[in-house]
Amino acid sequence: MSVVPTPVDLTDVQGDVILQIPKRVENFIFFTIAQGAAFRKVVGSQAFMALITSAADVQGFRQHISAQKAKYQGKICPLLPHSAVNIAFTQSGLNLLGLTDNLGDPAFTAGQFQHAQQLGDNVPDWLPAFKGDMHGIILIAGDCEASVLATEAKLLLLLGHTIKQVFKVNGVVRPGAEKGHEHFGYRDGISSPAVKGIVAPLPGQQVCDPGVLLMGQPGDTSAATRPVWAKNGSILVYRHLDQLVPEFDKFKHDNPLFPLELGIEKGAELFGARMFGRWKSGAPIDITPTQDDPKLADDPQRNNNFDFSKPTDQTSCPFAAHVRKTNPRSDLGAARVAPHSINRTGIPFGPEVTPLERQNHKTSLERGLAFVCYQSILSNGFEFMQESWANSPGFIFGKTVDGKPFNPGFDPIIGQKNGQPRQTGGLDPKAQGANTSLPQQFVISKGGAYFFSPSLSVLKTRVGTA
């Protein structure tokens, strides 16, 4: 594979961290280490390390995918068979392996369960697996279930009884036209940051320094306090997020905007688009505020090229819309947003909504998002975004409506208040000062954990032993 030179050694970085592993299927195995010495010996072996996918591998594979698509000139082309493996460890997992140095991230050291309350989670909703001890996570991704299961079998055969599985999640891209969309139906993954010197930014794409995602690289504000072995590592956040799709759809249907002019269905879709900040196609409402534009959504030169600056009120996009709360763009300015960038690489899990669920407006089968993101420090990345932006009714600060100070309210999609009622503002462009009560949490955190994704060199020589 040809590898483009970058300021970061991509052969030393795990593949999902900055470039994201291409996938249609992804399994997550959460484990405890049962036999420490034997586990370390397996990890240090050539057979195990041969399964671990680097960012350079991902870069090369993406080049192959691009060449394949060009060869078929827009026609449907066959998927290239592939699989990839990454591994990461909790603080207790690192401690067990003898890596006890302080990584310089108090939230990582404490663990996600200890921070559940401040994240806004309703702690009783957490699954038991995420409340107990957990040492690590293995990500196995690929083009199809057969590829993933074959690689998983090889990996588990190598590890044998050295680990004990405590939880497993089977993620899968949604079928047909819903590919790339999460379970509510909205296109996902459009606005990931471009890492300076590694990814060429598209118009409107946020650019961040490598150290925002990778420890020990330029832009890592805690680099001076970290151990040497942390370099090229990253903090992996896993969140198990249930989505109440029938209930969300019912809420939209009960609150259509301009039903006399648009009709119930189109009014409901506009209401949903203003909650998300994008239409289901992925077209941003800041550019096309009154109707969807699938061609715009499919154009990477245009679908991210907006900044909320025109107009400055909520005519096009509410201040509290999900994509605005989590990436405020010109509301703060690119320089202030960049340090809070995260690289999101999650995947849906669970079945499609059944006809009976739609009919009853009630979820009976679990489905949602296996949320994964990477950053070099949680207090700048995921925790900051969740607590200071999504959960903060006052953010985006300094906004006014009709000349009076205005609190935008909660992010209507992921904003949380420990299970308590929430409000969000600006959903009706003709009544921008009005608040909307959100009757329930449509995205429910069932738990999660924080993991350290080490460099490949550290995985082989410090986690693993000869």
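These numbers come from a predicted model, not from an experiment. (Residues numbered from 1 in each chain as written. Predicted model: local features only at pLDDT ≥ 70, side-chain atom pairs only at ≥ 80, totals over all residues. Heavy atoms only, no water.)

Colleague: Explain the overall build of the protein chain here, please?
Modeller: When you go through the protein chain residue by residue, the secondary structure sums to 16 helices and 15 strands. The C-alpha radius of gyration computed for the protein chain amounts to 22 Å, which stays within 12% of the reference 23 Å derived for 466 residues, consistent with globular compactness. Oriented by its inertia axes, the alpha-carbon framework of the protein chain measures out at about 70 × 50 × 45 Å. For the protein chain, with 466 residues in total, the buried portion stands at 55%. At a minimum sequence separation of 6, the contacts of the protein chain that also span at least 24 residues come to 74%. Total accessible area on the protein chain is roughly 19300 Å²; 55% of this is exposed by carbon and sulfur atoms. (Helix = DSSP H or I, 4+ residues; strand = E, 2+ residues; numbered from the N terminus. Rg over C-alpha atoms; globule rule 2.2 N^0.38 Å. Buried < 20%, exposed > 50% of the residue type's maximum accessible area, 1.4 Å probe, protein only. Contact = heavy atoms within 4.5 Å. Areas by Shrake-Rupley, 256 points an atom, 1.4 Å probe, with all protein chains shown as cover.)

Colleague: How should the pairing of strand β3 (residues 136–142) be read in this particular structure?
Modeller: A regular strand places its side chains so that they alternate between the two faces of the sheet. Taken across its seven residues, β3 has seven buried, putting it largely inside the fold. The side-chain alternation of β3 yields two buried faces, one formed by G136, I138, I140 and G142 and the other by I137, L139 and A141. The sheet contact formed by strand β1 (residues 25–33) and β3 spans seven bridges and is antiparallel. Residue pairing in the sheet places F31 in a bridge with G136 of β3. Where strand β2 (residues 83–89) meets β3, seven bridges bridge the pair, whose relative direction is antiparallel. Of the residues in β3, the one forming a bridge with V85 is I140. (Pairing = 2+ DSSP bridges.)

Colleague: Would you take a moment to explain the side chain of S222 for this structure?
Modeller: By the secondary structure assignment, S222 is in the loop between β6 (207–208) and β7 (234–243). Relative accessible area serves as the criterion here: at 12%, S222 is assigned to the buried category. If near-sequence neighbours (up to four positions away) are discounted, S222 is found in contact with G104 and I377.

Colleague: Could you clarify how one ought to interpret helix α16 (residues 456–463) in this entry?
Modeller: Side chains three or four residues apart in an α-helix point the same way, a direct result of the helix having 3.6 residues per turn. Three or more residues of α16 are buried, namely L456, V458, L459 and V463. Around the axis of α16, the buried residues are gathered within 165° of arc, so they sit on the same side. Those residues of α16 hidden inside the fold are in contact with α1 (36–43), α2 (46–49) and β2. (Arc of directions from axis to C-beta.)

Colleague: Please explain the nonpolar core as it appears in this structure.
Modeller: Generally speaking, nonpolar side chains in soluble globular proteins are found buried as a group. Judged by nonpolar contacts, the single largest core of 79 residues is most densely connected at F39, F48, I87, F89, I138, F452 and L459. For this core, the element with the most residues is helix α10 (residues 264–276), which contributes five residues. Setting aside anything within four residues of it in sequence, one finds F48 in contact with V42, V43, I87, L155, L158, L159 and L459. Core analysis: the next-biggest nonpolar cluster, separate from the first, contains 38 residues, V8, A56, V195 and I347 among them. (Core = buried A, V, L, I, M, F, W, Y, C linked by side-chain atoms within 4.5 Å.)

Colleague: For this particular structure, what's the right way to read the pattern of salt bridges?
Modeller: Opposite charge on two side chains permits pairing when their charged atoms draw close. The full count for this structure, using the stated rule, is 19 salt bridges. We note a salt bridge from K280 to E269, for which the minimum N-O separation is 3.9 Å. One end of the pair, K280, is in the loop between α10 and α11 (294–297); the other, E269, is in helix α10, with 11 residues separating them in the sequence. When salt bridges with common partners are traced through the structure, they connect D249, K252, E269, K280 and R358 into a single cluster. (Salt bridge = Lys/Arg side-chain N within 4 Å of Asp/Glu carboxyl O.)

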